[in-house]
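Here is how the chains run, residue by residue.
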Amino acid sequence: MSQAPLPAQAAAEPAGLAARAAARVAEHPTLALTGILAILVLATGFVEPNYLSVSGARNTLLQAAPLGILAGAQTILMLTGGIDLSVTMIATGSAYVAANQSPEGAVIAILLGILVGLVVGSANGVGVAVFRVNPLIMTLAMSGILLGLFTAWAQTILQGSTQMGPFIKLLGGGSFLGNRVPYSVVVWALIAGGLIWLLRRTGWGRLLYAIGDNEVAVRLAGVRVWQVRITAYIVAGVLGSISGILLGGRTGAVDLQLANAFLLPSVAAAVIGGTSIFGGVGGYTGTILGALILSVLNSMLTFLNVGQAIQQVVYGGIVLALAWGYAGLTRRA
Amino acid sequence: MAVRRGEVHALLGANGAGKSTLVKILAGVHPADHGVVHVDGRPISFQDPMDAMNVGISTVFQDPALIPDLTVRQNLQLSDIDEAAFTPWLTWFELEDLDLDALVRDLPLETLRMVDLGRALARDPQVLLLDEITAALTADQAERVFALLTEWREKGRAAVLITHRLAEVRRICDRATILRDGRNVALFEPNASPDATNGAATGTMFDVDEHDLVEAMLGAEVTELEERNESDSLSPHQPGSRSASDEVAFSVRGLTSGDVVRDVSFELRRGEILGLVALEGQGQERLFSLLSGDRSPSDGEIFVGGRQRRWSAPYDAVGDGVVLIPGDRLLALLPNLPVRQNLVVPLFSRIRQWLGLPADERQRVRNAIDRLSIDTRAASQVRRLSGGNQQKVAIGRWLVAGFRTLLCFDPTRGIDVQTKRETYALLRELAASGAAILLYTSELAEIPLVCDRVLIMHDGRFVEEQDAARATESSLLTAAHGLEVPA
């Protein structure tokens, strides 16, 4: 450790410009992310010139909206030092319920879908905050339970419609202003505004960061930490539900694999956006950029047409590099 | 300091005198900045604990050095101890029933201390270093340790014993070295052959009075300090400046928590600063966690403003205006967050305060920062602030949130002189404005400066109350050892 500064200083002399740029970027991490996003968009445009168009942007945003909302759930929980591995099962379950209830009308379908997130989020919160189960274990187990329950219910009480109603389809996949702006992006924007307000301008947001940084200190300061944790898991559950309903609306029909593929990207988007898994550090602005970066990356790999296996490897590698590079940048500050 | 073969050497000193640090140097845990350790006349330099063990020094540290999630047997294997060498010592300590396959975390503290000791003995050392070994033991176990030390001495081996129990020193120690502020200041020996190696004062062991040991721990500095206090702006002898009223803000009756806190009662009045003095490990930490609602007492009552309260969490205590500044700043601070985030946490303890921020949040933070003159140059992460500024943040949190009764646990430990003075002045100011303050401090010189009355705690009980203005370091330390203070 004591020898580390010497080579670093020596390297800083010739690379003074780069170091200064790095310091600047470290001060404003979102700048770096925006830069990466821009580079990725241009690279994708290079691969497929048609991508740089209104419809290309629309498709990316359509993909990014459900992911961004799921990643919002992870961001809230990761700030407290928690995580929700059941969030994609919540999304799938909510979509399933909403599709099943679609014949009853969109309002009932959506409300019952969100109820799934409320109930499961509360259960996760009670398990983590009151019974002190490790969040990884709690939500992983919950994910298994949900999969089992919905598999069984799909044959019994949820038998019937697996098609979303027209309103939900419009919400999840439709656009307005001459097919330019997807409705789901409007929903995402509203949620993003709400989350950013919650995290920056409310006491609850302050407590999320505080608990992630030092739970004992928050408790001694007279806060009932369990209340904050439970509400965080409930909010995360509801976000999972909304995301699932939008996703189901986009695909039109639901099955039990609906949101499966989004679990790791939801964590990755938050991590790329600079939210620490260990809690106390981060925010939703970075997560939004993280979700956009992952969506663009996905489009690029699709256009490259390299086959599913290679896509997965490249995707994983880039996510790892981004997360690692970002962590290095912020530690320097 | 020299330890002879065939002696039990006591190492004494007040809190923070450097006893444990010295032991860690001798055990090879910390390297020495200067100076040499001689073993059997040969200079030895220790790079790590193995070196010390190889020359026959075996140590039992203040806290159990066992891995909680392993069994006793696995712990022995880890430290390369032969079970055959270990079990005879268990028999000696009357622990032959101990299940070696029991998890360390499931064993009571006193058993662990004996396991620690047995493990040290199993290395068949020439020199045994025991840091507060008797503090956690029951009386009969301590007897077994004393019997061991007596035999140890007869075998011509050496032992160094750190303890706060002066009666033990008189009973089984041959000589005693006194440390103060990291220096050895006195050596007590049975036959008063002047040991002039370090020019320290010398005395005689067997007719040594326990009070003389206490005096030596304080040394000549007492008078020096008292002179300094006289010239201090916060002169202790100004009864007029004291603001205590008759209104009892906070009181406890018969507060008990296991064996650690026993039958503690006191009253704390508005405008009063009540001092609390104790040696390390006399139950003061537990007492503060009871008073702040962090733990529930096993018996006894807590009253706030004359009404009995039952608290299940700090939330309840804070709701009653009883707030804690913990001794360990790690328990108070959010190290990676800015000063502002640290200061505002208590403003959101109730759910109805969660949505939105108080309109005057910024103003309140600014006021606290100004009042405490917190240096905010490194304000973006509290862990980068100096210790003194971190302490100010811990105090400032309650200036922002407001309180009626303040529980302060050793607020000036490890902070600079300037911040100490500011802290004293602030506490007096808060008391003058009607707050009730309970102040535990390990710095005895603070007591007459800041407090109105002082309670002395020993072995979980309050043993004495003194008038703070007349309390001296010697009277406090004497009482803290559980001894009668001469009239």
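Residues numbered from 1 in each chain as written. Chains lettered and ligands numbered in written order. Predicted model: local features only at pLDDT ≥ 70, side-chain atom pairs only at ≥ 80, totals over all residues.

**Comments concerning the pairing of strand 7 (residues 175-180) of chain B**
Residue and element names in this part refer to chain B. Spelled out, the test is: Counting other C-beta atoms within 10 Å of a residue's own tells you its class, since 20 or more makes it buried, 12 or fewer makes it exposed, and anything in between is partly exposed; those C-beta atoms are placed from the backbone. What counts as a helix is a DSSP run of H or I of at least four residues, what counts as a strand is a run of E of at least two, and both are numbered from the N terminus. At least two bridges found by DSSP between two strands is the condition for calling them paired.
Along strand 7, six of the six residues are buried, which leaves the element largely enclosed by surrounding structure. A two-sided burial pattern is seen for strand 7, the buried positions comprising Arg175, Thr177 and Leu179 on one face and Ala176, Ile178 and Arg180 on the other. Bridge count for strand 1 (residues 7-12) against strand 7 is four bridges, and the pairing is parallel. The residue bridging His9 from the neighbouring strand is Arg175, located in strand 7. Counting the residues that bridge the hairpin from strand 7 to strand 8 (residues 183-189) gives two residues, and of these Asp181 lies at a positive phi of roughly 50 degrees.

**Considerations on the environment of B:Ala167**
Mapped onto the fold, B:Ala167 is located in helix 7 (residues 166-172). Taking C-alpha positions, B:Ala167 is 7.5 Å from B:Glu210, a pair spaced 43 residues apart along the chain.

**A word on the confidence of the model for chain B**
Detailed conclusions should not be drawn from predicted coordinates in areas where pLDDT is low. Residue and element names in this part refer to chain B. Cut-off, in case you're wondering: pLDDT is defined as a per-residue confidence score from the predictor, taking values between 0 and 100. The contact criterion used here is simple: two residues whose C-beta atoms, placed from the backbone, lie within 7 Å are in contact.
Across chain B, the average pLDDT comes to 83, with 90% of residues at or above 70. Per-element confidence in chain B is highest for strand 15 (residues 322-325), whose mean pLDDT is 96, and lowest for strand 9 (residues 201-204), whose mean pLDDT is 41. Long-range and interchain partners of residues 220-241, a stretch whose pLDDT sits below 50, account for 17 contacts in this model, where long-range means more than four residues apart. The ipTM, which scores confidence in the relative placement of chains, is 0.83 for this predicted complex, and the corresponding pTM is 0.78.

**As for the sheet that holds strand 16 (residues 405-409) of chain B**
Residue and element names in this part refer to chain B. Our working definition: Axis definition: a line fitted to C-alpha atoms, limited for helices to the stretch in contact. Angles are taken between N-to-C directions and run from 0 to 180 degrees.
With mixed pairing, six strands are arranged side by side in an open sheet as 15-16-17-12-18-19. Among the strands making up the open sheet, the edge pair consists of strand 15 and strand 19 (461-467). Between one strand and the next, the sheet's axes are offset by a mean angle of 20 degrees, whatever the strand orientation. Taken together, the four bridges between strand 12 (residues 273-278) and strand 17 (residues 436-440) define a ladder with parallel strand orientation. If you follow Leu276 over to strand 17, its bridge partner there is Tyr440. Strands strand 12, strand 16 and strand 17 of the sheet are contacted by helix 15 (residues 417-432), whose axis makes an angle of about 150 degrees with strand 17. With respect to the sheet, helix 17 (residues 473-480) is in contact with strand 12, strand 18 (453-458) and strand 19, its orientation differing from that of strand 18 by roughly 35 degrees.

**Concerning the packing of helix 4 (residues 54-79) of chain A against helix 14 (residues 284-304) of chain A**
All names here are of chain A. This is how it is decided: Should an angle lie under 35 degrees it is considered roughly parallel, over 145 roughly antiparallel, and from 65 to 115 roughly perpendicular; all remaining angles are considered oblique. Note on convention: the crossing is left-handed when the near helix lies turned anticlockwise from the far helix by less than a right angle, right-handed when the turn is clockwise.
With their axes 8 Å apart at the nearest point, helix 4 and helix 14 run at an angle of 140 degrees to one another. The pairing of helix 4 with helix 14 is recorded here as oblique in orientation. In this structure, helix 4 meets helix 14 at a crossing whose hand is right-handed. Contacts between helix 4 and helix 14 involve Thr60, Gln63, Ala64, Leu67, Gly68, Ala71, Gly72 and Thr75 on the former and, on the latter, Tyr284, Thr287, Ile288, Gly290, Ala291, Leu292, Leu294, Ser295, Val296, Asn298 and Ser299.

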